[in-house]
Amino acid sequence: MTLERLWAGWRNAYVSGAVDGPPDDAPDLAVDDPVRCVFCRIADSGPASPDNGVLWVGATVMVVLNAYPYASGHLMAVPLRHVRSLDDLGDEESGELWAATRLAVAAQEAAYRPEGVNLGANLGEAAGAGIPRHLHLHAVPRWKGDTNFMTAVADTRVLPETLASSWERLTAVWPGR
Ligand SMILES: [Zn+2]
């Protein structure tokens, strides 16, 4: 039994609970089709819940658990609108994207006590974006020594908890809640 196989089970549960179509990176996906974009579907999936992985929804931006986390509590701040680039953001969206990121990191620090946090966005496929058509900003909790040999050798991560557990932990400490 491989760790990758362990991983895939609950990932599929998450995806099927949040969306009702193929993943955004399906090969037949028309470019810039917001109807089938996974982030657009999550944005339309109702209030924050463990089923859709959404932690927080603002006027223009949401914070959602990454269904393919690099670490427990891996969050993404995502504009509700289907926008590709930083240039596409209006002033309110741009400001709220950063405000949402601050909330996400504060919740991660309270829930997980990480020794560090990586913040970053992969803009475009060449930069490694898994969903290049809908802008998203990652916040990944880090600990000394967490880059273990499984990650380096097999591109497989060892995760101690499910997405539903992460959602409960982060929701319990979400700022202002
Ligand atoms: Zn979208």
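Please refer to the structure higher up on the page.
To start, this report covers the structure provided alongside it. Residue numbering note: each chain is counted from 1, following its sequence as written. Two thresholds apply to this predicted model, a pLDDT of at least 70 for residue-level local features and 80 or more for giving and counting side-chain atom pairs, whereas whole-chain, interface and lining totals are computed over all residues. As a rule here, side-chain values come from all non-hydrogen atoms in the structure, and water together with hydrogens is ignored.

Exposure is judged per residue with a 1.4 Å probe applied to protein chains only, and the accessible area is read against the type maximum: over 50% gives exposed, under 20% gives buried, and values in between give partly exposed. Helix numbers and strand numbers start at the N terminus; a helix is a DSSP run of H or I with at least 4 residues, a strand a run of E with at least 2. If you check which residues of helix α5 (residues 163–172) are buried, you get Leu 163, Ser 166, Trp 167, Leu 170 and Thr 171. Down the axis of α5, the buried side of the element spans an arc of 125°, and every buried residue falls inside it. Note that the arc is defined by the directions from the helix axis to the C-beta atoms.

As a further point, take the coordination of the zinc ion. Coordinating donors are taken as N, O and S atoms within 2.8 Å of the metal, stretched to 3.2 Å for Na, K and Ca; because water is absent from the atoms, sites can appear incomplete. Taken together, the protein ligands of the zinc ion are Cys 37 (SG), Cys 40 (SG), His 82 (ND1) and His 134 (ND1), with distances of 2.0 to 2.4 Å. Geometry at the zinc ion is tetrahedral, judged from the 4 donor atoms that bind it and their angles of 102 to 117° at the metal. Of note, the donors binding the zinc ion are all from one chain and are spaced C-x2-C-x41-H-x51-H. Here Cys 40, found in helix α2 (residues 38–43), pairs with His 134, found in the loop between β4 (116–120) and β5 (137–142); they are 94 residues apart in sequence, far enough to count as distant. Every geometry call rests on angle ranges, with four donors termed tetrahedral when all angles are between 85 and 135 degrees, four termed square planar and six termed octahedral when opposite donors are over 155 degrees apart and all others are between 65 and 115, and everything else termed irregular.

We now examine the environment of Ala 43. When you line up the elements, Ala 43 lands in helix α2. Separated by 38 residues in sequence, Ala 43 and Arg 81 place their C-alpha atoms 8.4 Å apart. Not counting chain neighbours up to four residues away, the residues in contact with Ala 43 comprise Met 62 and Leu 80. When checking whether two residues touch, look at their non-hydrogen atoms; a contact exists if any pair is within 4.5 Å.

What follows covers the nonpolar core. What tends to happen in soluble globular proteins is that the nonpolar side chains get buried as a cluster. Judged by nonpolar contacts, the single largest core of 22 residues is most densely connected at Leu 55, Val 63, Leu 65, Leu 75, Leu 97, Leu 170 and Trp 174. Considering every element that reaches this core, the biggest residue donor is helix α3 (residues 91–112), with 6 residues. The definition of a nonpolar core used throughout is a set of buried Ala, Val, Leu, Ile, Met, Phe, Trp, Tyr and Cys residues joined through side-chain atoms within 4.5 Å. Ile 42, Val 54, Val 64 and Ile 131 belong to the second largest nonpolar core, which has 11 residues in total.

So, on to the pattern of salt bridges. Note on definitions: salt bridges are taken to be side-chain nitrogens of Lys or Arg within 4 Å of carboxyl oxygens of Asp or Glu. Following the criterion strictly, the structure yields 2 salt bridges and no others. Glu 93 serves as the salt-bridge partner of Arg 81, at 2.7 Å between the closest nitrogen and oxygen. Here Arg 81, found in the loop between β3 (75–79) and α3, pairs with Glu 93, found in helix α3; they are 12 residues apart in sequence, far enough to count as distant. Overall, Glu 93 belongs to the buried group, its relative accessible area being 8%.

Further remarks concern α3. Each residue after the first adds 1.5 Å to the expected span of a helix. Compared with the 32 Å implied by 1.5 Å per residue over 22 residues, the 32 Å span of α3 between its first and last C-alpha is a close match. For α3, the set of buried residues is Glu 93, Glu 96, Leu 97, Ala 100, Thr 101, Ala 104, Val 105, Ala 107, Gln 108, Ala 111 and Tyr 112. Tucked into the core, α3 has its buried residues touching β1 (54–57), β2 (61–65), β3, β4, β5 and α5. Backbone geometry just after α3 places Arg 113 at a positive phi near 50°.

The next thing to look at is the sheet that holds β5. Strands were regarded as paired on the criterion that DSSP finds at least two bridges between them. Read from one edge of the open sheet, 5 strands run β1-β2-β3-β5-β4, paired in antiparallel fashion. Each edge of the sheet is formed by a strand with only one pairing partner; in this case those strands are β1 and β4. Ignoring which end each strand starts from, the neighbouring axes of this sheet average 15° apart. Sheet topology places β1 next to β2; 3 bridges connect them, and they run antiparallel. Bridging from a neighbouring strand, Val 57 pairs with Met 62 of β2. Between the N-to-C directions of two axes lies an angle of 0 to 180 degrees, each axis being a line fitted to C-alpha atoms and, for a helix, fitted only over the stretch in contact.

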